Number of protein chains: 2
Amino acid sequence: MRNLKITLAYDGYEFHGWQVQPGLATVQGVLREALARVTGEDPLPQGSGRTDAGVHALAQVASCAIRSPIPVSNLLIALNDILPPSVRLLRVEEAQPEFHARASAKAKTYRYRIYRGAICPPFRARYVYHHPFPLDEAAMQRAAAQVEGEHDFTSFAAVDPERGREDAPASCVRTVFSSAWERREEELVYTIRGNGFLHHMVRNLVGTFLLLGKGTLAQADLQRILAQQDRSAAGPTAPPQGLYLVSVEY
Amino acid sequence: MRNLKITLAYDGYEFHGWQVQPGLATVQGVLREALARVTGEDPLPQGSGRTDAGVHALAQVASCAIRSPIPVSNLLIALNDILPPSVRLLRVEEAQPEFHARASAKAKTYRYRIYRGAICPPFRARYVYHHPFPLDEAAMQRAAAQVEGEHDFTSFAAVDPERGREDAPASCVRTVFSSAWERREEELVYTIRGNGFLHHMVRNLVGTFLLLGKGTLAQADLQRILAQQDRSAAGPTAPPQGLYLVSVEY
């Protein structure tokens, strides 16, 4: 058996998320189908994590065991030929047998884009959250820095016992290496890099930062919300179309 | 009666072109419906020209007569509230009674985007024509300059008697003020500005420039094609998703 490391980008608007679901278009589903057609096998690519419906990826990583001897450069071309234009494989590489896209991940980076202009260009509507209303962006930036470091992020994890947490272990303690908002012309962009993320964690953080930006929450509330370890203490889940999985580090 | 000048952008991928067609989503159709809901009248917005299915607009212009006294600033907000995110009104202005978006137009600018990289990012797939194969881009640039000036563009007009020409008059003589290809990172971008355009004219020019870039046609062929005044002399129609109506001048 060979073990492949597949790096791919996708437009999440077109899919019901990453994970295979019967009868629904999912990224894992179309990738599995393309791999099956090219190899004649029945491989199941494992992602670094599940992205939800509408969430995009600039460089998601999947691992997959196959027997076929097709060289990686040919696999890249053949799979991209079959896949819809909304999913593009960027790289296909040989990986060590023990490599697993989720279990081997050391860090991930996510980004969240908010369009601040009054009128959102139609070409960006699927790719940003349009929020043209007043926000104290400096307060949001100060709050973002507060979640850096090791914290229990229970308050920001989806209450979702059926599905469990994205990163499996029962503990909700994660380390955030960096967390910052910045202005990029008409967009307010949040970038967070950490050693692991709970389900909905980035969107729940963004939803909470937005309450801080609106003045509904104050700076001091963020420490309290973390300490409460209760999902209902934090803000709402921000819409999916602004979120991007930017990269996975191994 | 008031006469409105409406400037709008749209993602052409979502529509069967500009012109109202029964049972199909068109830009004119959704704009008419939104105007009807806001004004309680039955106005028909007239575009500066019909864009085909898949063709985008950065600033299409439409004129429309209404009776309603609603101020233009309120119309802008109310109409954008109703319209899908794939159509955005950029400006609504009062116009002189004799203003007509098509008949009053003095010049138009179109752009065509070709993505040259090996793998087209999924977020750009709807907005460019992906052509990663070799092209003599310098030859295309030289050829582009050759269509500047006044020419009979019959060879580049769709043979389409049912629909007629976009700009109505029988003559296919048009003046091109500027015509140029330029590199913008991974994209090869064509921009043409002229006093009027025949149906499919920009896409037929691009399809012909591509044959020059591939070496199927030589520089000298372009004068011959213009002189032949025969659609079959020119290259194929380039795909719609690379084309943008950039602006209309009055």
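Since the model is a prediction, treat every value here as computed from it, not as a measurement. Chains are numbered independently. Their residues run from 1 in the order of the written sequence. Starting at A for chains and at 1 for ligands, labels are handed out in the order in which the entities are written. Local features in a predicted model are, by the rule used here, given only for residues with pLDDT of at least 70; side-chain atom pairs are given and counted only at 80 or more, and totals for whole chains, interfaces and linings are based on all residues. Only hydrogens and water are set aside when side-chain values are computed; all heavy atoms of the structure are taken into account.

## What to know about the interface of chain B and chain A
Working step 1: Contacts are assigned to residue pairs that have any heavy atoms within 4.5 Å of one another. Between chain B and chain A, the residue contacts involve 23 residues of the former and 23 residues of the latter.
Working step 2: Surface buried jointly by chain B and chain A totals about 1,400 Å² across both partners, of which 75% is contributed by carbon and sulfur atoms.
Working step 3: Among the residues chain B hides against chain A, the three largest losses belong to Ile119(B), Pro122(B) and Phe123(B). Together they make up 45% of the total.
Working step 4: Where the side of chain B that touches chain A is concerned, the elements lending two or more residues are strand S1 (2-10), strand S3 (56-66), helix H2 (72-82) and strand S4 (87-95) of chain B.
Working step 5: Starting at the N terminus, helices and strands are each numbered in turn, a helix being any DSSP run of H or I of at least four residues and a strand any DSSP run of E of at least two. Among the elements that line the side of chain B that touches chain A, the one with the most residues is S4(B), at four residues.
Working step 6: When grouped by side-chain class, the residues that make up the side of chain B that touches chain A number 16 nonpolar, three polar and four charged. Values labelled buried area give the accessible surface lost by two parts on being combined, using a 1.4 Å probe and summing over both. When residue character is reported, Ala, Val, Leu, Ile, Met, Phe, Trp, Tyr, Cys and Pro are called nonpolar, Asp, Glu, Lys and Arg charged, and the others, Gly included, polar.

## Regarding the pairing of strand S8 (residues 173-184) of chain A
Residue and element names in this part refer to chain A.
Working step 1: When strand S7 (residues 149-152) meets S8, the two strands line up antiparallel, connected through four bridges. Paired with aspartate 152 across the bridge in S8 is valine 173.
Working step 2: When DSSP finds two or more bridges between two strands, those strands count as paired. Direction of pairing for S8 relative to strand S9 (residues 187-194): antiparallel, over a ladder of eight bridges. Bridging from a neighbouring strand, serine 178 pairs with arginine 193 of S9.
Working step 3: What sits between S8 and S9 in their antiparallel hairpin is a turn of two residues, with glutamate 185 showing a positive phi close to 55°.

## Examining the relation of the copies chain B and chain A
Working step 1: Superposition of the copies used a least-squares fit over C-alpha atoms from residues whose pLDDT is at least 70 in both. Here chain B sits on chain A after a turn of 180° about the axis and a move of 0.0 Å along it, with an RMSD of 0.0 Å. Taken together, the rotation and translation relating the two chain copies correspond to the operation of a two-fold axis. Residue Phe123(B), judged by its C-alpha, is the member of chain B lying nearest the rotation axis, at 4.8 Å.
Working step 2: The fraction of interface residues of chain B whose copies in chain A are also interface residues reaches 100%, indicating that both copies meet through the same surface.

## Focus on the pattern of salt bridges
Working step 1: Salt bridges, as used here, are contacts in which a Lys or Arg side-chain nitrogen is within 4 Å of a carboxyl oxygen on Asp or Glu. As enumerated under the stated definition, the model contains 22 salt bridges over all chains in all.
Working step 2: Of the charged contacts in the structure, one is a salt bridge between Glu14(B) and Arg126(B), with a shortest N-O distance of 3.0 Å. Remark: Arg126(B) occurs in the loop between strand S5 (107-115) and strand S6 (129-130) and Glu14(B) occurs in the loop between S1 and helix H1 (27-39); sequence separation between them is 112 residues.
Working step 3: A simple rule labels every residue: compare its accessible area, found with a 1.4 Å probe on the protein chains alone, to the largest value its type can have, and call it buried under 20%, exposed over 50%, or partly exposed in between. Residue classification places Arg126(B) among the buried residues on the basis of a relative accessible area of 6%.
Working step 4: Here the salt bridges share partners, and the residues they tie into one network are Asp11(A), Glu14(A) and Arg126(A).

## Some remarks on the side chain of Arg126(B)
Working step 1: At a separation of 2.6 Å, a polar atom in the side chain of Arg126(B) contacts the side chain of Asp11(B).
Working step 2: What Arg126(B) contacts, discounting residues up to four positions off in sequence, is Glu14(A), Arg126(A), Tyr127(A), Asp11(B), Tyr13(B), Glu14(B), His56(B) and Gln241(B). We call two N or O atoms a polar contact when they sit within 3.5 Å, provided that within protein one can donate a hydrogen and the other can accept it, with sequence-adjacent residues counted only if both atoms are side-chain atoms.

## Some remarks on the domain arrangement of chain A
Residue and element names in this part refer to chain A.
Working step 1: Domain delimitation in this document rests on an assignment produced automatically or drawn from a domain database. As assigned here, chain A comprises domain 1 (2-95) and domain 2 (107-249).
Working step 2: Distance from the C-alpha centre of domain 1 to the C-alpha centre of domain 2: 27 Å.
Working step 3: Counting residues at the interface gives 17 residues for domain 1, matched by 18 residues for domain 2.
Working step 4: Between domain 1 and domain 2, a total of about 1,500 Å² is buried, with carbon and sulfur atoms accounting for 51% of that surface.
Working step 5: When the buried surface of domain 1 facing domain 2 is broken down by residue, Arg50, Asp52 and His56 rank first, second and third, together holding 39% of it.
Working step 6: The interface formed by domain 1 and domain 2 holds three salt bridges in total.
Working step 7: Taken together, the links from domain 1 to domain 2 amount to 11 residue pairs in polar contact (both at pLDDT 80 or more).
Working step 8: Along the lines of polarity and charge, the residues of the side of domain 1 that touches domain 2 split into seven nonpolar, six polar and four charged.

## Re the environment of Ala95(A)
Residue and element names in this part refer to chain A.
Working step 1: On the secondary structure map, alanine 95 appears in strand S4 (residues 87-95).
Working step 2: C-alpha separation for the pair alanine 95 and leucine 4, spaced 91 residues apart in sequence, amounts to 5.3 Å.
Working step 3: Once residues within four sequence positions are removed from consideration, alanine 95 is found in contact with Asn3, Leu4 and Lys5.

## Concerning the layout of surface pockets
Working step 1: Put plainly, a pocket is an open set of points on a 1 Å grid over the protein atoms alone with protein on both sides within 12 Å along at least five of seven lines, a cavity is a set where a 1.4 Å probe fits but cannot get out, and a lining residue has an atom within 4 Å of a point. Grid points are joined across faces, edges and corners, and a volume is the space filled by probe spheres set on the points. A volume near 1,000 Å³ is recorded for the largest pocket.
Working step 2: Looking at the largest pocket, it is lined by 30 residues, and the ones nearest its centre are Arg113(A), Arg124(A), Arg113(B), Phe123(B) and Arg124(B).
Working step 3: Looking at the lining of the largest pocket, the elements that each hand over two or more residues are strand S5 (107-115) and S9 of chain A together with S5 of chain B.
Working step 4: Of all the elements, S5(B) adds the most residues to the lining of the largest pocket, at three residues.

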